[in-house]
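Take a look at the letters that make up each chain.
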Amino acid sequence: MEQRFTSITVEDTRELGKQLAGFLCGGDVVALIGDLGAGKTAFAQGVGEGLAIVGPMTSPTFTLIHEYNGQANGTEIRLVHMDLYRLQHPEEAEVIGIEDSFVEDTICLIEWPKIAEDYLPDDRLNVEIHGSGEMPREIIVYSNDSRWEQRLNFLANNRRL
Ligand SMILES: Nc1ncnc2c1ncn2[C@@H]1O[C@H](COP(=O)(O)OP(=O)(O)OP(=O)(O)O)[C@@H](O)[C@H]1O
Ligand SMILES: [Mg+2]
């Protein structure tokens, strides 16, 4: 099950993140996949906007994990935004407590998730962003878990991209 979107500008990418946020709830894990400068942080910022996060969401490249308080459909949630680019070994993901973010009251966004693959829940949503620079992006949203199917259909049907 996958949905594809085209994003011409960084605002389009943020907007898709914001629209996805409308379908997220506590316990969801979203892996953000793509090369340097693809737009993973921009997408995450859109999700944050959709979850009513107050204040700027900056890239956690150097800090690994940023946490925010937000709201998903009227329910208080914690938003965790991770960037695992700087990890060298999969075990480091365990050391930083990655699994503490896979809990019911938390929505977790992970840039550069590959190194932590073994720790990620199978029912995660994957957002793959292709392209870089000022080129348009192709954004493929998919999951191995059929429980995302309905939400992805809603996202595709409501989209303004
Ligand atoms: N359609 C687009 N979608 C997203 N970003 C775009 C687009 N067009 C241009 N850009 C630019 O690409 C850059 C994306 O930066 P961003 O920090 O979101 O990437 P990233 O994937 O998080 O990179 P990193 O791997 O370094 O964390 C921004 O400078 C943004 O303005
Ligand atoms: Mg980033």
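Description of the structure in this document. (Residues numbered from 1 in each chain as written. Chains lettered and ligands numbered in written order. Predicted model: local features only at pLDDT ≥ 70, side-chain atom pairs only at ≥ 80, totals over all residues. Heavy atoms only, no water.)

1. Here we look at the pairing of strand E6 (residues 125-130)
Among the 6 residues of E6, 5 are classified as buried, and the element is accordingly described as predominantly covered. Bridge analysis of strand E2 (residues 29-33) against E6 gives 4 bridges, and the strand direction is parallel. Along E6, the bridge assignment pairs valine 30 with leucine 125. Relative to strand E7 (residues 137-143), E6 is paired through 6 bridges, and the arrangement is antiparallel. Among the inter-strand pairings, leucine 125 is bridged to a residue of E7, identified as serine 143. The antiparallel pairing of E6 with E7 creates a hairpin that spans 6 residues between the two strands, and glycine 131 there sits at a positive phi of about 110°. (Buried < 20%, exposed > 50% of the residue type's maximum accessible area, 1.4 Å probe, protein only. Helix = DSSP H or I, 4+ residues; strand = E, 2+ residues; numbered from the N terminus. Pairing = 2+ DSSP bridges.)

2. Quick word on the sheet that holds strand E4 (residues 75-83)
As summarised here, the arrangement of the 7 strands in space is E1-E7-E6-E2-E5-E4-E3, forming an open sheet in which the pairing is mixed. In this open sheet, the two edge strands, each paired with only one partner strand, are strand E1 (2-7) and strand E3 (65-72). Ignoring which end each strand starts from, the neighbouring axes of this sheet average 20° apart. Looking at chain direction, E4 and strand E5 (residues 106-111) are connected through 6 bridges and run parallel. Note that in E5 the partner of leucine 79 across the bridge is isoleucine 107. (Axes fitted to C-alpha atoms, helices over the stretch in contact; angles between N-to-C directions.)

3. What about unusual backbone geometry?
We note that leucine 64 has phi near 70°; this positive angle belongs to a residue other than glycine. By secondary structure assignment, the location of leucine 64 is in the loop between helix H2 (40-50) and E3. If you check the backbone angles, asparagine 73 has positive phi at about 50° while not being a glycine. Take asparagine 73: it is sitting in the loop between E3 and E4. We classify asparagine 73 as exposed; its relative accessible area is 63%.

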